[in-house]
Amino acid sequence: MNKLCHVAFIMDGNGRWGKKRGKGRNFGHLKGVETVKKIVGASIKSKIPIITFYVFSSENWERPKNEKNYIFKLINTYFTKEIKNIIKQGIKINILGELNKFSSDIKLTLKKSAKLTKKNKKIVVNLAINYGSKNEIIQALKKTKKNISIKNFERNLYTKNLPNPDILIRTGGYQRLSNFLLWQLAYTELFFLKKLWPDFTPKDLFKIINKYKKINRNYGKI
Ligand code: FPP
């Protein structure tokens, strides 16, 4: 049975979910947050030590202003309203990505959430936000300077101190990585689901975990 330390999620399909119901893309994002909440709870229940959500990519800035502002407001409201709950549940919030591009209110909320939950031990929830794997790799390479080795390079990634994901789950029907954790996913088990993110349930997660546990992970050995 494989040990499970880290599950990463590409939460695709919110926009389509909302549109399909005639309520617009932003309604899908609103529902998507509910799924995030449920999945964090299910992960705690399953004793998964680390989970990572791809919240906003460096490419998502190209979306319409109204959608971006809606997503930012969702994030800001969620972490303002829920912070007490987050602390109580023992969740440690960790940010992967560049916060500088955001307005000061969201920057402050996220930095505060990370600071207030720094010592929490039950689960680490990484939020990849304004995250792009190619940018991450370039900045890590620049920082590594002349002493290039896998170890030195990994020390300069946003994911320093984190084990690589054991499982990647992408909902929404596409089988691609979309500039997410390209270095860190080298030996990750990949699961692609047709379901849209708002329809993803703890039961779906448990099924994937059970499948994962039985996979022969040989990392190129025999
Ligand atoms: C991808 O679906 C989803 C996003 C780019 C945004 C995800 C963000 C949230 C659910 C908010 C997270 C909030 C917290 C509190 C962590 P899509 O819009 O690409 O869907 P589509 O493929 O149907 O267009």
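As a reminder, the structure under discussion sits directly above these lines.
Only a predicted model underlies this, so the values are computations on that prediction, with no experimental measurement involved. (Residues numbered from 1 in each chain as written. Predicted model: local features only at pLDDT ≥ 70, side-chain atom pairs only at ≥ 80, totals over all residues. Heavy atoms only, no water.)

### What to know about the overall build of the protein
In terms of regular secondary structure, the protein is built from 8 helices and 6 strands. Listed N to C, the secondary structure of the protein is β-α-α-β-α-α-β-α-β-α-α-β-β-α in terms of helices and strands. For 222 residues, the compact-globule estimate of 2.2 N^0.38 gives 17 Å, and the protein sits close to it at 17 Å. Each principal axis of the C-alpha atoms in the protein carries an extent, and together these give about 50 × 40 × 35 Å. The burial tally for the protein puts 49% of its 222 residues in the buried class. The contacts of the protein with a sequence gap of at least 6 include a subset with a gap of at least 24, amounting to 74%. Of the accessible surface of the protein, which amounts to about 12,800 Å², a share of 54% is contributed by carbon and sulfur atoms. (Helix = DSSP H or I, 4+ residues; strand = E, 2+ residues; numbered from the N terminus. Rg over C-alpha atoms; globule rule 2.2 N^0.38 Å. Buried < 20%, exposed > 50% of the residue type's maximum accessible area, 1.4 Å probe, protein only. Contact = heavy atoms within 4.5 Å. Areas by Shrake-Rupley, 256 points an atom, 1.4 Å probe, with all protein chains shown as cover.)

### Some words on the site of the ligand
Taken together, 15 residues lie near the ligand, and Met11, Asp12, Arg16, Arg25 and Arg63 sit nearest. Separating an oxygen atom of the ligand from a side-chain N or O atom of Arg25 is a distance of 2.9 Å. One of the side-chain N or O atoms of Arg63 is found 2.8 Å from an oxygen atom in the ligand. Look at the ligand: alone it shows 630 Å² of surface, and the protein chains cover 93% of it. Broken down by secondary-structure element, the contributors of at least two residues to the shell around the ligand are helix H1 (14-20), helix H2 (25-45) and helix H3 (65-81). The greatest single-element share of the shell around the ligand, amounting to 4 residues, is contributed by H2. (Near = heavy atom within 4 Å. Polar contact = N/O pair within 3.5 Å; in protein donor to acceptor, adjacent residues only side chain to side chain.)

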